[in-house]
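The residues making up each chain are set out below.
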Amino acid sequence: MSKITVLGAGAWGTSFGQVLADAGNDVTMWAIEPDIVEDIRDRRRNEARLPVVEQLPANMTATGDRAEAVADAQIIIVAIAAQFARVALTEFKGLIPADAIVVSLMKGIERGTNKRMDEVVRETLDLPADRFAAVSGPNLSKEIAQRHPAATVVACESLDNARKVAEACTTDYFKAFVTTDVIGLEMCGSLKNVIALAVGMARGAGYGENTAAMIETRGLAELTALGQAAGADPKTFAGLAGVGDLIATCGSPLSRNYTFGANLGKGMSVQEATEASNGVAEGVPTTDAVVALGKELGVPTPLAYAMSRVLDEGISCSQMLTLLFGRDITEE
Ligand SMILES: NC(=O)C1=CN([C@@H]2O[C@H](COP(=O)(O)OP(=O)(O)OC[C@H]3O[C@@H](n4cnc5c(N)ncnc54)[C@H](OP(=O)(O)O)[C@@H]3O)[C@@H](O)[C@H]2O)C=CC1
Ligand SMILES: O=C(CO)COP(=O)(O)O
């Protein structure tokens, strides 16, 4: 049993906190919103972000005090919207216990720097590689909050530390595998959100299985090429964090990215889809970062480019797909 702190009490932070509590750990949630802290601490609820859970476990509490939140924590989980991770974590610098493992649940690339969350977290907290882990997989928060069976992957350069994190989140309904491919895991989680936006858009526009399968498969090829160029192990893309998460996210209205895309496909503007979104759709800010990263690494990113034109210029779904097709006959 460990003392574990979760920074960010959104839908996934809270749902993962419940997994950790179910695994027997003492869990403290930290949130910036006083109302959310109060709801979790005093009523064992997170009505605002995870209303599906009627009663959070008794070994789960919350605080808004940063120093109190992380004091004595053996594992610190970061579940903050990716674009705000740097600013939020800066406030924790100097407070993190010297031997704590810091784990990111976030799936995004930082806009402006094109950095993955492992880079942002390590840079901000001045953390050595062996004390950083990423968790990623087909993990729709609402299903896991309802304790539906699911699996995930924990990546850390130190396999021992990956195992510590995996043990801490293993329950009878949640299974964690381990890997040392941090870059692969980060790339999978971030890029599948861009693909889910495009699949959602096609579905929203009324297209069927063939179109969805095409976007998913071409998207996976793009994700794999970019990931490999960044230093990832290609095997990771065929696993739970790659194909697995792609299937879950691109096939479920529980995904905020899929739903955001579907709303665009039905004719909403980016502004309207943002207002309708029930939580952060990480693919939206990540799309431009993926295009920029592709340029930096010399890897073509036709799907991310087509989605960036949708998000920045409002092109239609059929225009997006025409861009994705391209004009040339190429080998698959
Ligand atoms: N939901 C899911 O099914 C899954 C999500 N993820 C990933 O996990 C991450 C978090 O997602 P999720 O919890 O669902 O998202 P939510 O939109 O539900 O929550 C986002 C969280 O970020 C916090 N936040 C935003 N800005 C700041 C800031 N400046 N300082 C501190 N906290 C801030 C929010 O705080 P506040 O509530 O106060 O606004 C909230 O706790 C994302 O990267 C997502 O891609 C990964 C797997 C599954
Ligand atoms: O990452 C997820 C499932 O694995 C959740 O996807 P969304 O962020 O699109 O809801």
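Along each chain, numbering runs from 1 in the same order as the chain's sequence is written. Working convention: letters from A go to chains and numbers from 1 go to ligands, in the order in which they are written. With the structure being a predicted model, the display of local features is reserved for residues of pLDDT at least 70 and the display and counting of side-chain atom pairs for 80 or more, all residues being used for whole-chain, interface and lining totals. Side-chain metrics in this entry use all non-hydrogen atoms of the structure; hydrogen atoms and water are not considered.

A.B. asks: Explain the overall build of the protein chain to me, please; I cannot follow it from the model alone.
C.D. replies: Scanning the protein chain for helices and strands turns up 15 helices and 10 strands. Atoms considered for the radius of gyration are the C-alpha atoms alone. The globule rule reads 2.2 Å times the number of residues to the power 0.38. A globule of 332 residues ought to have a C-alpha radius of gyration of about 20 Å, and the protein chain, at 19 Å, matches this closely. If you line up the protein chain on its principal axes, its C-alpha atoms span 60 × 35 × 35 Å. For every residue, the accessible area (1.4 Å probe, protein chains only) is compared with the maximum for its type, and the residue is labelled buried under 20%, exposed over 50%, or partly exposed between those bounds. Taking all 332 residues of the protein chain together, the buried fraction comes to 56%. Residue exposure ignores everything except the shown protein chains as possible cover, and the areas themselves are Shrake-Rupley values with a 1.4 Å probe. Of the roughly 14,200 Å² of accessible surface on the protein chain, a fraction of 50% belongs to carbon and sulfur atoms. Between the averaged position of the 29 positive side-chain charges in the protein chain and that of its 42 negative side-chain charges there is a distance of 1 Å. Starting at the N terminus, helices and strands are each numbered in turn, a helix being any DSSP run of H or I of at least four residues and a strand any DSSP run of E of at least two. In this tally Asp and Glu are treated as negative and Lys and Arg as positive; neither His nor the chain ends contributes. Note that the charge is assigned to NZ on lysines, CZ on arginines, CG on aspartates and CD on glutamates.

A.B. asks: Which parts of the structure should I look at to understand the environment of Tyr173?
C.D. replies: Mapped onto the fold, Tyr173 is located in the loop between α7 (159–168) and β10 (174–179). Taking relative accessible area as the criterion, Tyr173 reaches 7% and is therefore assigned buried. In the structure, Tyr173 is positioned 27 residues away from Gln146 in sequence and 10.0 Å away in space, judged by C-alpha atoms. Filtering out sequence-adjacent residues up to four positions away, Tyr173 remains in contact with Gln18, Val19, Asp22, Ile144, Arg147, His148, Pro149 and Ala150. Contacts were defined at the residue level, with two residues in contact if any of their heavy atoms lie within 4.5 Å.

A.B. asks: How do you make sense of the site of ligand 1 when you look at a structure like this?
C.D. replies: We call a residue near a molecule or strand as soon as one heavy atom of that residue lies within 4 Å of the molecule or strand. Close to ligand 1 lie 25 residues; Ala11, Glu33, Arg49, Ser141 and Glu282 are nearest. Contacts described as polar in this section are N or O atom pairs within 3.5 Å, which, within protein, must combine one atom able to donate a hydrogen with one able to accept it, while residues neighboring in sequence count only if both atoms come from side chains. Within the backbone of Ala11, an N or O atom sits 2.9 Å from an oxygen atom of ligand 1. Measuring from an oxygen atom of ligand 1, one finds a backbone N or O atom of Asn139 at 3.3 Å. For ligand 1, whose free accessible area comes to 900 Å², the fraction covered by protein is 87%. Residue contributions to the shell around ligand 1 peak at three residues, all from helix α1 (residues 11–22). What counts as a domain boundary in this text is fixed by an automatic or database domain assignment. Split by domain, the residues of the shell around ligand 1 number at least three in each of domain 1 (3–180) and domain 2 (188–325).

A.B. asks: Could you clarify how one ought to interpret the UniProt feature "binding site: NAD(+)" (unreviewed entry) in the protein chain in this entry?
C.D. replies: UniProt positions are given in the numbering used here, feature names are shortened, and annotations may be inferred rather than shown by experiment. What UniProt calls "binding site: NAD(+)" (unreviewed entry) maps, in this numbering, to Gly8, Ala9, Gly10, Ala11, Trp12, Gly13, Phe84 and Arg256. With relative accessibility at 16%, the residue Ala11 sits in the buried group. The residues contacting Ala11, other than those within four sequence positions of it, are Arg49, Leu50 and Ser141. With respect to the element layout, Trp12 can be found in helix α1. Residue classification places Trp12 among the buried residues on the basis of a relative accessible area of 16%. In contact with Trp12, other than residues within four places in its own chain, are Leu105, Asn139, Ser141, Ile144 and Phe174.

A.B. asks: For this particular structure, what's the right way to read the nonpolar core?
C.D. replies: For soluble globular proteins, the rule of thumb is that nonpolar side chains tend to be buried together. To form a nonpolar core, buried Ala, Val, Leu, Ile, Met, Phe, Trp, Tyr and Cys residues must be joined to one another through side-chain atoms within 4.5 Å. One finds Leu7, Ile215, Met307 and Met320 to be the most contacted residues of the largest nonpolar core, which totals 72 residues. Counting the residues that make up this core, at least three belong to each of domain 1 (3–180) and domain 2 (188–325). The next biggest cluster of nonpolar side chains, apart from the first, holds 40 residues, and it includes Trp12, Val27, Leu56 and Ile75.

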